[in-house]
Amino acid sequence: MSNPIVGIVMGSQSDLEVMEPAAKTLEEFGIPYEIRVISAHRTPHVAFEYASKARENGLKVIIGAAGGAAHLAGVLAGLTTLPVIGVPVMGKSLSGLDSLLSMVQMPPGVPVGCVGVNASKNAALLAVRMLGIEDKAVADKLEAFKKAQAEAVVKMDQQVSRQG
Ligand code: RP5
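We now turn to the structure provided with this report. (Residues numbered from 1 in each chain as written. Predicted model: local features only at pLDDT ≥ 70, side-chain atom pairs only at ≥ 80, totals over all residues. Heavy atoms only, no water.)

Looking only at helices and strands, one finds six helices and five strands in the protein. What you see in the protein, going N to C, is helices and strands ordered as β-α-β-α-β-α-β-α-β-α-α. Here the C-alpha atoms of the protein give a radius of gyration of 17 Å, agreeing with the 15 Å that 2.2 N^0.38 yields for 164 residues. When the backbone C-alpha atoms are referred to their principal axes, the protein occupies close to 60 × 40 × 30 Å. Restricting the contact set of the protein to residue pairs at least 6 apart, pairs at least 24 apart contribute 68%. Of the accessible surface of the protein, which amounts to about 9600 Å², a share of 55% is contributed by carbon and sulfur atoms. Of the side chains in the protein, 15 bear a positive and 15 a negative charge, and the two mean positions are spaced by 3 Å. (Helix = DSSP H or I, 4+ residues; strand = E, 2+ residues; numbered from the N terminus. Rg over C-alpha atoms; globule rule 2.2 N^0.38 Å. Contact = heavy atoms within 4.5 Å. Areas by Shrake-Rupley, 256 points an atom, 1.4 Å probe, with all protein chains shown as cover. Lys, Arg positive; Asp, Glu negative; His and termini not counted. Charge placed at Lys NZ, Arg CZ, Asp CG, Glu CD.)

This is the structure we're talking about:
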């Protein structure tokens, strides 16, 4: 197995189900990744260690997922110069709005690229696009993905379109 270049980090094991589509998407694109449970609140020392050594450990993009007062992605972004993509996880209250606002409202200077609530597939696709800037093979796979997606919609249109 190759060394991971994308780190999927989540605040709790309870986030895993939401994050599985991200892992699956990276697998489909042949991107080596790792999954970790690291909490900004419960294991801040591990978050520090992980993010501050991420670049030297070979990571290129970090995806940080958390729910509630979701500081994880912001904390990771504060400790590395790698791009960090946040996935706000829908918790038991407020329909994930708390997580979304915690991530998307980063103060100037420490950016977190935040996707939609529970939108882990998009987080992975955004990571793949970042990797595709320099990696032609990845960019080609993205083109093929885009084409297949468009073809699927054309097929749907053929099946659904009608006039009344
Ligand atoms: C956050 O608190 C985690 O990311 C999770 O979304 C939420 C709840 O965690 P658990 O109480 O389920 O461990 O830190």
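Our next topic: the site of the ligand. Taken together, Gly11, Ser12, Ser14, Asp15, Arg42, Ala66 and Gly67 make up the full set of residues adjacent to the ligand. A distance of 2.6 Å separates an oxygen atom of the ligand from a polar side-chain atom of Ser14. Arg42 is positioned such that a nitrogen or oxygen atom in its side chain is 2.9 Å from an oxygen atom of the ligand. Isolated, the ligand exposes 360 Å² of accessible area, and the fraction of that covered by the protein chains is 68%. Here the residues of the shell around the ligand sort into one nonpolar, four polar and two charged. (Near = heavy atom within 4 Å. Polar contact = N/O pair within 3.5 Å; in protein donor to acceptor, adjacent residues only side chain to side chain. Nonpolar A, V, L, I, M, F, W, Y, C, P; charged D, E, K, R; others polar.)

Let us look at the pattern of salt bridges. Close approach of charged atoms allows side chains of opposite charge to pair. Enumeration over the complete set of coordinates arrives at four salt bridges. Between Lys53 and Glu49 there is a salt bridge; the shortest N-O distance is 2.8 Å. Classification of Lys53 by relative accessible area gives partly exposed; the value is 31%. (Salt bridge = Lys/Arg side-chain N within 4 Å of Asp/Glu carboxyl O. Buried < 20%, exposed > 50% of the residue type's maximum accessible area, 1.4 Å probe, protein only.)

Counting buried residues along strand S3 (residues 61-67), six of its seven residues qualify, which places the element largely inside the surrounding structure. Looking at chain direction, strand S1 (residues 6-10) and S3 are connected through five bridges and run parallel. Residue Val9 lies in a different strand from S3, and its bridge partner there is Gly64. Bridge count between S3 and strand S4 (residues 84-89): six bridges; the pairing is parallel. Note that in S4 the partner of Ala65 across the bridge is Val87. Crossover S3 to S4 through helix H3 (residues 72-79) is right-handed. (Pairing = 2+ DSSP bridges. Right-handed = clockwise from strand over helix to strand, strands pointing away.)

A separate point is helix H2 (residues 44-52). Among the residues of H2, those classed as buried are Ala47, Tyr50 and Ala51. Looking straight down H2, one finds that the buried residues subtend no more than 85 degrees of arc, so they occupy a single side. Residues of H2 that are buried in the fold lie against S1, strand S2 (33-37), S3 and H3. (Arc of directions from axis to C-beta.)

Moving on, we get to the sheet that holds S2. Strand order in the open sheet formed by five strands is S2-S1-S3-S4-S5, and the pairing between neighbours is parallel. Sheet topology places S2 and strand S5 (113-114) at the edges, where each strand pairs with a single neighbour. Sitting on the sheet, helix H4 (residues 97-104) is in contact with S3, S4 and S5, with an inclination near 160 degrees to S4. (Axes fitted to C-alpha atoms, helices over the stretch in contact; angles between N-to-C directions.)

A few words now on the pairing of S4. Taking burial as the measure, the six residues of S4 include six buried ones, the bulk of the element. Residues of S4 alternate between two faces, with Val84, Gly86 and Pro88 on one and Ile85, Val87 and Val89 on the opposite face, all of them buried. Of the strand pairs in this sheet, S4 and S5 are connected by two bridges, and their pairing is parallel. Counterpart to Ile85 in the pairing with S5 is Gly113.

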